[in-house]
Amino acid sequence: MNRTTLTIAFAFVACISSTPVFAQGRATQPRPQAAAPPTVNVPVSKMAVIYSEQFQDQKTGIARFTVTLNKLNAEFQKIQNDLTQTSQRLTVLQDEITKLQQAGGATPAQIQAKIDTLDQQKRDYQRRGEDAKAQYQKRYQDLFLPLQDDVSKALDAYARARGITLIIDGSQVAILYAAESMDVTRAFINEYNLKNPATAQATLPK
């Protein structure tokens with residue numbers, strides 16, 4: 001969007017007659033001039049739009065986000081695999097119980113024993129899943145909050161360097177219309193990746 005500058009100019013014209021004016025032998029008193037209005041500072045603004053959700057695109061986003069996410073997922077891969085295997089075992093056990101109930105080849109006590117085993121394993125599976133989720137979320141905060149803060153500072157510097165006074169995040173606020181030229185998302189991502197290559201983030205918070 002082109003920078004628009006609003007200029008307000010005030011012109012004052014004073015007209016003085018060179019011919020004396022008399023009324024009943026007395027000269028008319030000159031009108032007092034109106035006081036000039038006070039000077040007003042009109043802010044000059046330059047707005048831009050950015051779509052922060054594109055920062056985390058694994059192909060075209062900020063490279064450090066992808067590196068960080070891959071590191072996080074790698075840390076929890078073993079836990080994820082264990083939970084997946086447990087889920088599969090629970091499915092097999094459930095199928096066994098269903099077949100025993102339908103075939104009628106087992107005593108009620110035998111079937112109940114398997115049901116009790118399944119219920120206990122389900123509770124263990126649920127508890128482990130909740131623990132893993134809480135650990136994952138905490139680790140996510142540890143890794144991504146510093147990165148998000150760094151990106152925020154970089155965006156502030158990007159705006160200042162270009163005289164941008166207002167940036168609207170289209171990922172957070174509904175925008176009815178914005179000219180394509182106002183979208184600085186791709187330009188900012190490219191600049192950030194150039195100045196902050198993913199390889200520079202070899203050491204992440206532990």
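The rules we used
- Residues numbered from 1 in each chain as written.
- Predicted model: local features only at pLDDT ≥ 70, side-chain atom pairs only at ≥ 80, totals over all residues.
- Heavy atoms only, no water.
- pLDDT = per-residue confidence, 0-100.
- Contact = heavy atoms within 4.5 Å.
- Core = buried A, V, L, I, M, F, W, Y, C linked by side-chain atoms within 4.5 Å.
- Buried < 20%, exposed > 50% of the residue type's maximum accessible area, 1.4 Å probe, protein only.
- Phe/Tyr/Trp six-rings, centres within 6.5 Å; stacked < 30°, edge-to-face > 60°.
- Helix = DSSP H or I, 4+ residues; strand = E, 2+ residues; numbered from the N terminus.

A. Broad picture of the confidence of the model for the protein chain. Model confidence for the protein chain is summarised by a mean pLDDT of 82, while 75% of its residues fall at 70 or above. Across residues 1-27, confidence stays below pLDDT 50; counting only partners more than four residues off in sequence or on other chains, it has 15 contacts.

B. Just the nonpolar core, in detail. In terms of nonpolar packing, the biggest core is built from 19 residues, with F55, I62, F65, V151 and F188 touching the most fellow members. Contact partners of V151, with chain neighbours within four places excluded, come to F55, I62, F65, F188 and Y192.

C. A look at the packing of aromatic side chains. Enumeration according to the criterion identifies six aromatic pairs in this entry. Relative to Y136, the ring of F76 lies with its centre 5.2 Å away and its plane at 65°, an arrangement referred to as edge-to-face. Highlighted residues: F76 in the loop between helix 1 (63-75) and helix 2 (77-103) and Y136 in helix 3 (residues 108-161), separated in sequence by 60 residues. Between Y158 and F188, the aromatic rings sit 5.6 Å apart at their centres with planes inclined by 80°, giving edge-to-face as the arrangement. A residue pair is termed long-range when its members are at least 10 positions apart, and Y158 in helix 3 and F188 in helix 4 (residues 185-195) qualify at 30 residues. Classification of Y158 by relative accessible area gives buried; the value is 5%.

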